[in-house]
Amino acid sequence: MEQKATKQHKTGQENTLARAVRFVTLEEVAVALGFHPRSVRRAMKSKRIPGRKISGRWFMTRADFETLLTPQLSLESDMHAVESPTKRSV
(Lines give C-alpha, C1' and ligand atoms only; values in the text may rest on other atoms or scores of the structure.)
Protein backbone atom coordinates (compact mmCIF):
# COMPACT_ATOMS: atom_id res chain seq x y z
CA MET A 1 0.00 0.00 0.00
CA GLU A 2 2.76 2.45 0.94
CA GLN A 3 4.69 1.60 -2.23
CA LYS A 4 1.68 2.44 -4.43
CA ALA A 5 1.27 5.86 -2.79
CA THR A 6 4.95 6.59 -3.42
CA LYS A 7 4.57 5.66 -7.08
CA GLN A 8 1.55 7.97 -7.47
CA HIS A 9 3.46 10.76 -5.78
CA LYS A 10 6.48 10.25 -8.07
CA THR A 11 4.23 10.40 -11.15
CA GLY A 12 2.81 13.71 -9.95
CA GLN A 13 6.33 15.05 -9.50
CA GLU A 14 7.28 13.89 -13.01
CA ASN A 15 4.31 15.73 -14.53
CA THR A 16 5.15 18.89 -12.61
CA LEU A 17 8.80 18.61 -13.65
CA ALA A 18 7.83 18.03 -17.28
CA ARG A 19 5.68 21.15 -17.38
CA ALA A 20 8.29 23.26 -15.57
CA VAL A 21 11.01 22.24 -18.02
CA ARG A 22 8.62 22.76 -20.93
CA PHE A 23 8.06 19.22 -22.06
CA VAL A 24 4.97 17.74 -23.67
CA THR A 25 3.89 14.21 -22.75
CA LEU A 26 3.71 11.41 -25.30
CA GLU A 27 -0.06 11.34 -24.81
CA GLU A 28 -0.37 15.07 -25.60
CA VAL A 29 1.71 14.60 -28.76
CA ALA A 30 -0.47 11.65 -29.82
CA VAL A 31 -3.70 13.61 -29.37
CA ALA A 32 -2.36 16.66 -31.26
CA LEU A 33 -1.13 14.54 -34.17
CA GLY A 34 -4.13 12.22 -34.22
CA PHE A 35 -2.10 9.04 -33.72
CA HIS A 36 -2.27 6.27 -31.16
CA PRO A 37 0.24 6.80 -28.31
CA ARG A 38 1.89 3.47 -29.19
CA SER A 39 2.64 4.77 -32.71
CA VAL A 40 4.13 7.97 -31.31
CA ARG A 41 6.24 5.98 -28.84
CA ARG A 42 7.61 3.82 -31.67
CA ALA A 43 8.43 6.93 -33.71
CA MET A 44 10.27 8.47 -30.74
CA LYS A 45 12.18 5.24 -30.01
CA SER A 46 13.30 4.96 -33.65
CA LYS A 47 14.16 8.70 -33.70
CA ARG A 48 11.75 9.49 -36.56
CA ILE A 49 10.42 12.26 -34.33
CA PRO A 50 12.23 13.92 -31.43
CA GLY A 51 11.62 12.57 -27.96
CA ARG A 52 13.36 11.51 -24.79
CA LYS A 53 12.65 9.09 -22.02
CA ILE A 54 12.63 10.55 -18.51
CA SER A 55 11.95 8.27 -15.53
CA GLY A 56 10.41 5.64 -17.77
CA ARG A 57 8.05 8.02 -19.63
CA TRP A 58 8.44 9.60 -23.08
CA PHE A 59 8.40 13.38 -23.57
CA MET A 60 9.07 15.91 -26.31
CA THR A 61 10.34 19.44 -25.76
CA ARG A 62 7.70 22.09 -26.32
CA ALA A 63 9.92 23.67 -29.01
CA ASP A 64 10.14 20.35 -30.92
CA PHE A 65 6.39 19.88 -30.49
CA GLU A 66 5.63 23.32 -31.94
CA THR A 67 8.02 22.69 -34.83
CA LEU A 68 6.33 19.37 -35.51
CA LEU A 69 2.93 21.08 -35.66
CA THR A 70 4.10 23.94 -37.90
CA PRO A 71 2.93 23.38 -41.47
CA GLN A 72 5.84 22.85 -43.83
CA LEU A 73 6.00 24.21 -47.37
CA SER A 74 4.65 21.79 -49.89
CA LEU A 75 7.02 20.03 -52.25
CA GLU A 76 5.35 21.82 -55.17
CA SER A 77 6.11 25.29 -53.81
CA ASP A 78 9.68 24.21 -52.95
CA MET A 79 10.21 22.98 -56.50
CA HIS A 80 8.76 26.18 -57.95
CA ALA A 81 11.21 28.26 -55.91
CA VAL A 82 14.13 26.14 -57.14
CA GLU A 83 13.09 26.24 -60.82
CA SER A 84 12.47 29.94 -61.27
CA PRO A 85 14.92 32.14 -59.35
CA THR A 86 16.17 33.67 -62.62
CA LYS A 87 15.68 32.59 -66.18
CA ARG A 88 18.50 33.00 -68.68
CA SER A 89 17.94 33.74 -72.31
CA VAL A 90 20.00 31.70 -74.74
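Now for a look at the structure at hand. Owing to the predicted nature of the structure, the values given are computational and were not obtained by experimental measurement. In this convention, every chain numbers its residues from 1, walking through the sequence in written order. In keeping with the model being predicted, local features are shown solely for residues with a pLDDT of at least 70 and side-chain atom pairs are shown and tallied solely at 80 or more, while totals for entire chains, interfaces and linings include all residues. Excluding hydrogens and water, the side-chain figures rest on all heavy atoms present in the structure.

### Some thoughts on the side chain of T25
The way it works is that DSSP assigns letters per residue, a run of H or I at least four long becomes a helix, a run of E at least two long becomes a strand, and they are numbered from the N terminus. When you line up the elements, T25 lands in strand β1 (residues 23-25). Given the relative accessible area of 9%, T25 is considered buried. Look past the residues within four positions of T25 in its chain and what remains in contact with it is R57, W58 and F59. Burial classes follow relative accessibility: with a 1.4 Å probe on protein chains only, a residue under 20% of its type's maximum area counts as buried, one over 50% as exposed, and anything between as partly exposed. Note on contacts: a residue pair is in contact if any heavy atoms of the two residues lie within 4.5 Å.

### Some details on the packing of helix α2 (residues 26-33) against helix α4 (residues 62-69)
In contact at an axis separation of 11 Å, α2 and α4 are set at 10° when each is read in the N-to-C sense. By the angle class used here, α2 and α4 are roughly parallel. The segment α2 lies against α4, with E28, V29, A32 and L33 engaging F65, L68 and L69. In the scheme used here, Gly and all other residues not listed as nonpolar or charged are polar, with Ala, Val, Leu, Ile, Met, Phe, Trp, Tyr, Cys and Pro taken as nonpolar and Asp, Glu, Lys and Arg as charged. Residues belonging to the contact of α2 with α4 are distributed by class as follows: six nonpolar, no polar and one charged. Only C-alpha atoms enter the line fits that serve as axes; for helices the fit covers just the stretch in contact. Angles between N-to-C directions range over 0 to 180 degrees. Here the angle decides the label: under 35 degrees means roughly parallel, over 145 means roughly antiparallel, 65 to 115 means roughly perpendicular, and every other value means oblique.

### Topic: the nonpolar core
Counting residues in hydrophobic clusters, the biggest one holds eleven residues: V24, L26, V29, A30, V40, A43, M44, I49, W58, M60 and F65. Secondary-structure elements contributing two or more residues to this core are α2, α3 (37-45) and β3 (57-61). Apart from residues no more than four positions distant in its own chain, W58 is found in contact with T25, L26, R41, M44, K45, G51, R52 and K53. Note on terminology: a nonpolar core comprises buried Ala, Val, Leu, Ile, Met, Phe, Trp, Tyr and Cys residues joined through side-chain atoms within 4.5 Å.

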